[in-house]
Every structure is written in C-alpha cells, then in structure tokens.
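Structural characterization, general
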Amino acid sequence: MKQIDELRGLMSARGIFAYIVPTDDFHGSEYVGAHFKLREYLSGFTGSAGTLVVTLDEAALWTDGRYFIQAERELSGSGIALMKAGEPQTPTIERFLLDKMPENSSLGFDGRTVTTAFAMRLCKVLNPKNITLKADEDLGGTVWKNRPPLSKKPVFELSESVCGMSRREKLTNIREKMKAENADCLAVSALDEIAWALNLRGGDVDCNPVFLSFMLVFEDRAELFAERSIFSDEIVWNLKNDGVEIRPYEEVYTALKSQNGAVWADLKAVNYRMKCSLENARIISKQSPVVMMKAVKNSVETAAEKSAHIKDGIAVTRFMYWLKHAVGREKITEISAAEKLDEFRKMGGGYLGQSFEPIMAYGEHGAIVHYSATEETNSVLEPRGLLLSDTGGHYSDGTTDITRTFVLGEVTEEEKRAFSLVLAAHLDLLGAVFPKGVRGSVLDGIARQSLWRHGLDFNHGTGHGVGFLLNVHEGPQRISWRAVNDAPLAEGMITSDEPGLYFEGKFGIRHESLVLCKKARDGFLCFEPLTCVPFDPEGIDKKYLTDAQTTGFNEYQKWVRETLSPLLPKDEAEWLAEITKPI
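Residues numbered from 1 in each chain as written. Predicted model: local features only at pLDDT ≥ 70, side-chain atom pairs only at ≥ 80, totals over all residues. Heavy atoms only, no water.

**Examining unusual backbone geometry**
Residues apart from glycine generally show negative phi values, whereas peptide bonds are mostly found in trans. Between Gly475 and Pro476 the backbone carries a cis peptide bond, its omega angle lying at 10 degrees. Along the chain, Pro476 turns up in strand 23 (residues 474–479). Phi at Cys207 is positive, roughly 70 degrees, even though this residue is not glycine. Of note, Cys207 is situated in the loop between strand 9 (200–201) and strand 10 (214–218). With relative accessibility at 24%, the residue Cys207 sits in the partly exposed group. In this model, Leu469 sits at a positive phi of 45 degrees, which is unusual for a non-glycine residue. (Helix = DSSP H or I, 4+ residues; strand = E, 2+ residues; numbered from the N terminus. Buried < 20%, exposed > 50% of the residue type's maximum accessible area, 1.4 Å probe, protein only.)

Shown next, in the form of structure tokens:
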C-alpha cells in the first residue's frame, strides 16, 4: 500500500524500525473524530477498535472479536496481517515486537495517542533488547496530506434540572475526593468525564456529545484546556463564575510540566505525553473519581432516562410495525431502513441524533457484529430471514441503545433455535438477583448458561455501561467474563444486556435492552428494564425456553404493551396488543 510505503520511508529516515498507530485520540476515546483516524487511513480497516504495527518489512493489525470478519474482508490484499486479539495463538503487540525488533533498535509512536499503561508495558517487555522509545514521532500529518483538522464544534450547556446537580456541586465533590488522597491537582483527560463534571456537551466526536479538552482541577479553581471559540460568551461567563478558566487546548502539557506537588493522574488512562510532562510532580495513579460519580446516575438522571426510553420505544415500535407491513411490498435496503428508523426518532420530542452509527444487518450481514452498510454492501430486504437492528439515540433527557432481531418472513429451524436461545440468555440476565458487591464478570455466566448448554457462545461482552446524554459505552462496570478489574454493580448504574449468536455466512442474532440497577431487597440488587420495545414473537420456538423464561418474557411484553399502547395510533396499538399476547 502506498500509505504504508510512505510511512516506512519516514521511519527509515528517522532510524525507526517499528511504528505503532493506535485508534485513539489524545484522550483514549473509544470513538474518535476524523482527524484521529490515521490507522483507518493507513490500513483501510474501518472498525472502531484496532492497533496497526508497521515494521520496515511487514505490517499487522490487532483487533477484537467484534471485528474479525470485517477486518478479514477489509484487509484482504493489503499485505497487512490480521491479528485476532485474545485468541490463544495470537501474540500480544509487545511480544510481537520483542520477536521482530533487532537489539538496540527504535520504536516510534505519537505519545499523545498512546496510553501510559501501554507505553509502560512496551518498556518492560522490550527492555531485554534495549529498545529505545521515540514517543514524539507524529508521522501522520506528513503521510496524510489532506488530514482533516481538529474539530471545533459548538458546546452547549445542560441545566441543573436535567442533571440533578450543579457544576459547582460536582466540582466540590471532586475536591473532596482529592482531599482524601492528599492530591493538589487532578488531571482529567477523558472527554466524557470533563463533559459530565462541567454539565457541558459538544460535538467533536460523531455520535458522542463531547468536546476536545483537558481539565486540571485544583483546590481553588479549575483550568479547562480547549478551543475558546467553541464556547459562547454566556458559557464562558458561567464557567468563570464557577471558578473554571479556559486555556488553549495545546497548553495542557506546559501546564503539567509546571506542577511540582501531588497530581492525581490515572496512568492506565492518560496519554504517555501527559505522564512524561509530569516530570516534577508526585503522581497519584488511581482511577479518576469522576468515573464512578458519572456511572451512578442520580434520581433526576434516572427519571430523565426513563422518559427518553419511552420516546425511543415509541420510535422503534413504530419502525417495527412499518417494517413488518412494508417488506416485500416496497424496496427497502439496509441503509433506507436505518434512515426510516431515524425518521421515527425525529418525530419524538427532544431527539438530538444517533448515539452510534446504526447497525442494520440483513441475513448473513448479521453475523458481522459491528456491521456497517455501505453502498457496495447495501442489501435489499426480502420477506424472509432475519434483520438485526442495533441502533440508539441521544435525547435531551438521555441516551438509548437497543438491538432487536426482526423476522421478515419465513425462517429456518436453525434461525428459530438461535433466536430463542439468545432470548433465553437475555431473560436470564434481566431477571438476575445478586448480592451487592457482585461484578459483571460474575453475572456474565448467568447470561451465557443457556447457550453453553448447547455448546454455543459469542465473542463479545454481554453488557457495557451507558452514559447520561453521553457516550453510549462507558465504564467502570462491564458484564463479561473477560473483564479485568471491572467495578461491582451499584444502584443507579445503567448497563446493557446483549447476548448474541453469529453464524458466518448465514445470519446473526442479538437481543439488547438497557437495564437500571436497583435495590431488590436488603443487601441484594436486581435489574429494571429501561428499553421499552417488544421482542418479535415470530422468531420464538417455545421449546427452548424454560417456564421461568416464558413467564419473564410475557411479563416484559405486557409491560411494553401497557406502557406504549396509549401513546400509539390506533392501528399500531392494536397490532402491538396482538404481538405481545402471552406465548
């Protein structure tokens, strides 16, 4: 590939044997703006997760199980080897480099896009070969001639009536956490943490209402490093009134160099250049206190989220009604179906936009976990088989994320079996009751048990946290047996419940709802569904469900019917009553 060849020319001129290109921006974000998509530009792989490693004579790309099928297709013929991260036969990036790099050679990367934790692992593993790290090598701008500039979208402010807590209160609570750790300064680099703490939202990352920024919180003030032009004069005044000063985005590293006290900076999260800039400070490396504060929604936020999910439920249910009646009678494609669903969402009040790029995957495309339809792959929907629809929205009162698998016509016994078993897994997790202190890694087995009994499994997590009018994926909780140091579930956390099954070249099934963690009884927690959309009964073979699962399914369908029917047109309400009858 021409881009890779140009990169190798720059590497050779700088005495660099290997160069790392991660997916990250300067903040470790899961999804990044156009300026930061260097890995995509160099490799052609469009997935949201992956790391490219280029040496002077070969190249390889690591990604996880969500993207194996997609990566195989997009990397075909590129000369870039696919490394299936997490598979037993796949070496880690560190081990790969240890094997490939000569002694006393150099490894290059842009330290602003590599986490400190990753850089420190590289140092440790590569030390026996005396490898030098060149962390100030931003070669992207040279190779990528027409690289998009950094985004500068306007910021907007949320009122206390929506957030349930003022910016001043949040900063006070953060300072109390700092005081307990004897920290003079807290360095915050995660965009969603900054947006949450300041009750601000932006548009610098598609589908994620955040803005490019860093923040340093001190005992008596806070410094926000961001592009001044994205703030209105009113917001600037409001920030100043709460003790927050705006400084130029790129000055954060100079500000860190000047710190000589105790700085709280999570070295697992902040970029390597930030760590190197703290040369005169004592670093307190712990998870940012904002992570848990943000994850546990207050009563105002949870009430707002319930409102947002009713709006979303109306939109997706109306889409389901339209789809069932229109398929086979008019031309519908994966792309036009996604556009139609977005139209239904726009009919509801307070809709701000999609919370992630929609996945509308028909037939064999459903087996690609994070499939994204293009003009080349855009399938026409036919009155047979399955459509996997994974979409979400941002509303003025919350964020949604829902997957439903729709039956479009005749389905096979294999498809019904998979549909029913995934539904069983979903219902088992939805109905779980567990002691306080339990982590998602424990709950994951509850969901997978119905699949494991049949020798089936899926290669992604069962659940992720969801932000309040923020990123659709957030920590610190996860539901995955592979999770490391995942946080215990707590009252107020919003998490997804999304088991699946995928059969390459055939079809895919996923059933996803968002659930709110709440008190079940003294010492125990449970889940309350937020997502209010029926499951398609036409995909169910009842013989694969236990009596308890059948009861749970009927109770959920009844709740959807009673909640949405008064809000739907008569014909749609009558149809909903029919498809939500007990099975």
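**Considering the sheet that holds strand 15 (residues 351–354)**
Taken in spatial order, the 3 strands make up an open sheet running 15-18-19, and their pairing is antiparallel. Either end of the sheet is taken by a strand with one partner, and the two such strands are strand 15 and strand 19 (398–399). The pairing of strand 15 with strand 18 (residues 393–395) spans 3 bridges and is antiparallel. For Gly353, the partnering residue across the bridge sits in strand 18 and is His394. (Pairing = 2+ DSSP bridges.)

**Some points on the packing of helix 14 (residues 299–326) against helix 15 (residues 334–346)**
Taken N-terminus to C-terminus, the directions of helix 14 and helix 15 make an angle of 135 degrees; their axes are 8 Å apart at the nearest point. Looking at the two axes, helix 14 sits oblique to helix 15. Our pair here, helix 14 against helix 15, has a crossing hand that is right-handed. Residues Asp312, Ala315, Val316, Arg318, Phe319 and Trp322 of helix 14 lie in contact with helix 15, whose contacting residues are Ala337, Lys340, Leu341, Phe344 and Arg345. (Axes fitted to C-alpha atoms, helices over the stretch in contact; angles between N-to-C directions. Parallel < 35°, antiparallel > 145°, perpendicular 65-115°, else oblique. Left-handed = near helix turned anticlockwise from the far one by under 90°. Contact = heavy atoms within 4.5 Å.)

**Topic: the pairing of strand 27 (residues 513–521)**
With 4 bridges connecting them, strand 24 (residues 494–497) and strand 27 associate as antiparallel partners. Bridge assignment links Asp497 to a residue of strand 27, and that residue is Ser513. When strand 27 meets strand 28 (residues 524–529), the two strands line up antiparallel, connected through 6 bridges. Considered in strand 28, the bridge of Leu516 is made with Glu528.

**Section: the pattern of salt bridges**
For the structure on display, the rule yields 43 salt bridges. A salt bridge links Arg228 to Asp233; the nearest nitrogen and oxygen atoms lie 3.1 Å apart. Using a relative accessible area of 59% as the deciding quantity, one classes Asp233 as exposed. Ionic pairing is found between Lys506 and Glu414, a salt bridge with its closest N-O pair at 3.4 Å. Of this pair, Lys506 sits in the loop between strand 25 (500–503) and strand 26 (507–510) while Glu414 is found in helix 16 (residues 413–430), placing the two residues 92 residues apart along the sequence. Among the residues examined, Lys506 registers a relative accessible area of 46% and is labelled partly exposed. On the accessibility criterion, Glu414 (34% relative accessible area) is partly exposed. In the salt-bridge network here, residues are joined through shared partners; they are Asp220, Arg221, Glu223, Arg247 and Glu251. (Salt bridge = Lys/Arg side-chain N within 4 Å of Asp/Glu carboxyl O.)

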